[in-house]
Amino acid sequence: MSSVRPPSASETSARLARRLAWHQALYDPAREPRNGLRWLKPLQAWQAQRLQRSFAGFLADPARRPAAQFFLTDLYGEHDFSQRDADIARVIPMMQKLLPGALLKTVADGIELGALTHALDLRMAAALEPIGGRRRSLDTDLYARAYREVGLPRLRARQIALIEDVGHGLWSALRMHGVGTLLKISRMPARAMGFGELQGFLERGFEAFGQLGDAAPFLTDIRASETRAMQRLLAGDADPFG
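In this report, the structure presented in the accompanying data block is examined. (Residues numbered from 1 in each chain as written. Predicted model: local features only at pLDDT ≥ 70, side-chain atom pairs only at ≥ 80, totals over all residues. Heavy atoms only, no water.)

**A word on the overall build of the protein**
Scanning the protein from N- to C-terminus turns up 12 helices and 0 strands. Along the protein, from the amino end to the carboxyl end, the secondary structure elements read α-α-α-α-α-α-α-α-α-α-α-α. Looking at the protein as a whole, 45% of its 242 residues qualify as buried. A separation threshold of at least 6 residues defines the contact pool for the protein, and within that pool the share at least 24 residues apart is 76%. When the accessible surface of the protein is split by element, carbon and sulfur atoms take 54% of a total near 12200 Å². (Helix = DSSP H or I, 4+ residues; strand = E, 2+ residues; numbered from the N terminus. Buried < 20%, exposed > 50% of the residue type's maximum accessible area, 1.4 Å probe, protein only. Contact = heavy atoms within 4.5 Å. Areas by Shrake-Rupley, 256 points an atom, 1.4 Å probe, with all protein chains shown as cover.)

So this is what it looks like as structure tokens:
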């Protein structure tokens, strides 16, 4: 019986480098002029507020709150991750030697999630230009119209799957012998070498998921909730986030 061989550390590192190059190109205003579209910032702010509302149930649960907040602030929000990603680009050779392959893959998944989210945001901002008219703010109806205009359900589903993958990766890494100790002893050297943003990202993820217990039900609930919202938006449901 054949089995799928897990990617080697060098393969994962190469994937991470490709995702970083894509991420950096997407955020570069000289290479990607859609970063200057007037709808981009209002769109990202609106989506962050929507996620905050959609995550209200998770945030109200003391056990799930840290992990939910980690997603909102470190993975799936409107925050600028450019310094963290610059850290990763500089430290790739060292990461390949020090970090377990599974954790390296989780970092690559996190970068891919950020890049894919921004790529979709750029398409949404471009779609809002003709249909938004002179309006200066978003509502659910206008957002849904732009969402259907962009479409791309397979990429939307990939985005949601990556949320789950990153969560599972961080939770699994917690159970690896020595990873927590490695993060603790690398804290001061990482900051001294200018990798503080990356170190903080990993530490916050570990702390958040360390309080969660079994991450599987939490991640399943997030995937179900976001998939349901995607399907309702694409179908033109009058209350897609209800």
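**So, the packing of helix H6 (residues 101–132) against helix H7 (residues 140–150)**
Where H6 meets H7, the axes come as close as 9 Å, and the angle between the chain directions of the two elements is 120°. Taken together, the axis directions place H6 and H7 in an arrangement best described as oblique. As for the relative orientation of H6 and H7, their crossing is right-handed in sense. In this structure, H6 uses Arg123, Met124, Ala127, Leu128, Ile131 and Gly132 to contact H7, whose residues at the interface are Leu142, Tyr143, Arg145, Ala146, Tyr147, Glu149 and Val150. The residue inventory of the contact of H6 with H7, partitioned by class, reads 9 nonpolar, 1 polar and 3 charged. (Axes fitted to C-alpha atoms, helices over the stretch in contact; angles between N-to-C directions. Parallel < 35°, antiparallel > 145°, perpendicular 65-115°, else oblique. Left-handed = near helix turned anticlockwise from the far one by under 90°. Nonpolar A, V, L, I, M, F, W, Y, C, P; charged D, E, K, R; others polar.)

**A few points about helix H12 (residues 215–235)**
End to end, H12 covers 30 Å across 21 residues, agreeing with the expected 30 Å (1.5 Å per residue, within 8%). Those residues of H12 not exposed but buried are Ala215, Phe218, Leu219, Ile222, Ser225, Glu226, Ala229, Met230 and Leu233. The arc enclosing the buried residues of H12, seen along the axis, measures out at 130°, which places them on a common side. (Expected span 1.5 Å × (residues − 1). Arc of directions from axis to C-beta.)

**What about the packing of aromatic side chains?**
The final tally for this structure, using the stated rule, is 10 aromatic pairs. Each ring, one from Phe55 and one from Phe58, has its centre 5.3 Å from the other, and the planes form 90°; the classification is edge-to-face. Looking at Phe55, the relative accessible area reads 2%, which means it is buried. Relative to Phe218, the ring of Phe71 has its centre 6.1 Å away and its plane inclined at 40°; by these criteria the two rings are tilted. One end of the pair, Phe71, is in helix H4 (residues 65–75); the other, Phe218, is in helix H12, and 147 residues separate them in sequence. Here the two residues Phe71 and Phe218 agree in accessibility, since each one is buried. One aromatic cluster in this structure is built from Phe55, Phe58, Phe70, Phe71, Phe209 and Phe218. (Phe/Tyr/Trp six-rings, centres within 6.5 Å; stacked < 30°, edge-to-face > 60°.)

**Observations concerning the pattern of salt bridges**
With the rule as written, the count across this model stands at 11 salt bridges. The salt bridge involving Asp221 is made with Arg64; its shortest N-O contact spans 3.0 Å. A residue pair is termed long-range when its members are at least 10 positions apart, and Asp221 in helix H12 and Arg64 in the loop between helix H3 (56–59) and H4 qualify at 157 residues. The exposure class assigned to Asp221 is partly exposed, which follows from its relative accessible area of 34%. The exposure class of Arg64 is buried, given its relative accessible area of 17%. (Salt bridge = Lys/Arg side-chain N within 4 Å of Asp/Glu carboxyl O.)

**Concerning the nonpolar core**
Nonpolar side chains in soluble globular proteins tend to be buried together. Counting residues in each nonpolar core, the largest one holds 40 residues, and the members touching the most others are Leu16, Phe55, Phe71, Leu75, Phe209 and Phe218. Ranked by residue count, the leading element in this core is H6, at 8 residues. (Core = buried A, V, L, I, M, F, W, Y, C linked by side-chain atoms within 4.5 Å.)

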